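Coordinate inspection notes
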Amino acid sequence: GPPALERAPRHEPLNAAFMNGTVKGTDVWVPMEAILGGQDKCGAGWRMFVECLAEGRGVSLPAMAVGVGKGLGPLVGAYARARKQFKVPIAEFGGVQEALALIASDGYVSLASTELMNAVVDNHEAPMVLSSIMKQNITERGRKMINAGMDVMGGAAISMGPDNLVGSAYMSFPIAITVEGANIMTRSFQIIGQGLMRCHPHLLQVVEALEAEDDPAAPRRF
């Protein structure tokens, strides 16, 4: 039968439900036919992993922002219409309207962007830089939307309980931003670094020439 595997407790990032967890085993034998791609793909796991990241980065993480926009818009909008201050619905206040407008506009931008990215992935492409732009830009919009929702709902959003529909989203949304080293790395390393490398007409060839120390033609290519 299959070897005994120890399934450790699942991860619990910021009280969010995650199916990920550590799996341990001793003397586990993996048959060749169980390897993705078979024997020819032995050693190619890292490349497969990175290619999957390029797709998942641009699809799953921005989808969280779309969910925030679609969920917060009706929720916070209804709350702002029902909640009154000085006998006036807070939806009539200019500052609250600004926050509601941000949720609506960034929600639409997030939705439109994910439609574009999904179409690219459906075309069997895995654009590294575009997916990084999607992740960094759309998750930042998601963070702004959830912050705006927290501002409008005030005490109803910070007092945890069964009627609080915003607090858990506010607590768990940094997960989308933290993936792969937070948006600091996404912006500086992937968007700027790799984007510049791929867009510049000669920079990639210069780097390759510098790395080809034993190639007599490298100085000429440089």
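Residue positions within a chain follow its written sequence, with the count starting from 1. For this predicted model, a pLDDT threshold of at least 70 governs which residues receive local features, and a threshold of 80 or more governs which side-chain atom pairs are given and counted, while totals over whole chains, interfaces and linings are taken from all residues. The side-chain values count all of the structure's non-hydrogen atoms but skip hydrogen atoms and water molecules.

Right, let's get into the environment of Met 185. Secondary structure follows DSSP: runs of H or I at least 4 residues long count as helices, runs of E at least 2 residues long count as strands, and numbering of each begins at the N terminus. Within the secondary structure layout, Met 185 lies in helix α7 (residues 182-199). Remark: the alpha-carbon pair of Met 185 and Asn 137, spanning 48 residues in sequence, is separated by 13 Å. Sequence-distant contacts of Met 185, defined by excluding residues within four places in its chain, comprise Glu 180 and Gln 190. Contact definition: two residues touch when any of their heavy atoms are within 4.5 Å.

As for its placement among the helices and strands, Ser 132 is situated in helix α3 (residues 128-153). Setting aside residues up to four positions removed in sequence, Ser 132 forms contacts with Arg 57, Thr 186, Gln 190 and Ile 191.

Moving on, we get to a nonpolar patch on the surface. Together, Leu 5, Val 23, Val 28 and Val 30 give the surface a local cluster of nonpolar side chains, amounting to about 320 Å² of exposed area. Along the chain, the position of Leu 5 falls in strand β1 (residues 5-10). Patch criteria: residues need more than 30% relative accessible area and no salt bridge. Like-charged residues are merged within 9 Å; nonpolar side chains of Val, Leu, Ile, Met, Phe, Trp and Tyr are merged within 5 Å. The Shrake-Rupley method, run with a 1.4 Å probe, gives the accessible areas here. Residue values count only the displayed protein chains as cover. Salt bridge criterion: a side-chain nitrogen from Lys or Arg within 4 Å of a carboxyl oxygen from Asp or Glu.

For the rest of this paragraph, the subject is the confidence of the model for the protein. The score called pLDDT rates the predictor's confidence residue by residue, from a low of 0 to a high of 100. Here the protein shows a mean pLDDT of 86. Residues at 70 or above account for 96%. Across the protein, the secondary-structure element scoring lowest on mean pLDDT is helix α9 (residues 218-221), at 65, and the one scoring highest is strand β4 (residues 88-89), at 95.

This part is about the packing of helix α1 (residues 45-82) against α3. A pair of packed helices is captured by two measures, namely the crossing angle of their axes and the spacing between those axes. Working convention: axes come from line fits to C-alpha atoms, limited for helices to the stretch in contact. Angles between N-to-C directions cover 0 to 180 degrees. The geometry of α1 relative to α3 is characterised by a closest axis approach of 8 Å and an angle of 20 degrees between their N-to-C directions. Between α1 and α3, the angle falls in the class roughly parallel. By crossing handedness, the relation of α1 to α3 is classed as left-handed. Looking at the contact of α1 with α3 residue by residue, the class counts come to 17 nonpolar, 7 polar and 2 charged. For classification purposes, an angle smaller than 35 degrees is called roughly parallel, one larger than 145 roughly antiparallel, one from 65 to 115 roughly perpendicular, and anything else oblique. Crossing handedness is defined as follows: a turn of the near helix away from the far one that is anticlockwise and smaller than a right angle gives a left-handed crossing, while the clockwise case is right-handed. Note on residue categories: nonpolar means Ala, Val, Leu, Ile, Met, Phe, Trp, Tyr, Cys or Pro, charged means Asp, Glu, Lys or Arg, and polar means any other residue, Gly included.

Moving on, we come to unusual backbone geometry. Backbone geometry at Phe 86 places phi at a positive 60 degrees, although glycine is not the residue there. Following the sequence through the fold, Phe 86 ends up in the loop between β3 (84-85) and β4. If you check the backbone angles, Lys 87 has positive phi at about 65 degrees while not being a glycine. When you line up the elements, Lys 87 lands in the loop between β3 and β4.

Within an α-helix, residues lying three or four positions from one another point in the same direction, as the helix has 3.6 residues per turn. Residue count minus one, scaled by 1.5 Å, sets the expected span of a helix. Taking 1.5 Å per residue, 38 residues should reach 56 Å; α1 reaches 54 Å between its end C-alpha atoms and fits that length. Given a residue, its bend is the angle between the two axes fitted to the seven residues that end at it and to the seven that start from it. The largest bend along α1 measures about 40 degrees and falls at Gly 56. Relative accessible area decides the class of each residue, using a 1.4 Å probe on protein chains only: under 20% of the type maximum gives buried, over 50% gives exposed, and in between gives partly exposed. Every buried residue of α1 is listed here: Ala 54, Arg 57, Gly 58, Leu 61, Pro 62, Ala 65, Val 66, Val 68, Gly 69, Leu 72, Val 76 and Ala 80. On its buried side, α1 packs onto β4, α2 (94-122), α3, α6 (174-178) and α7.

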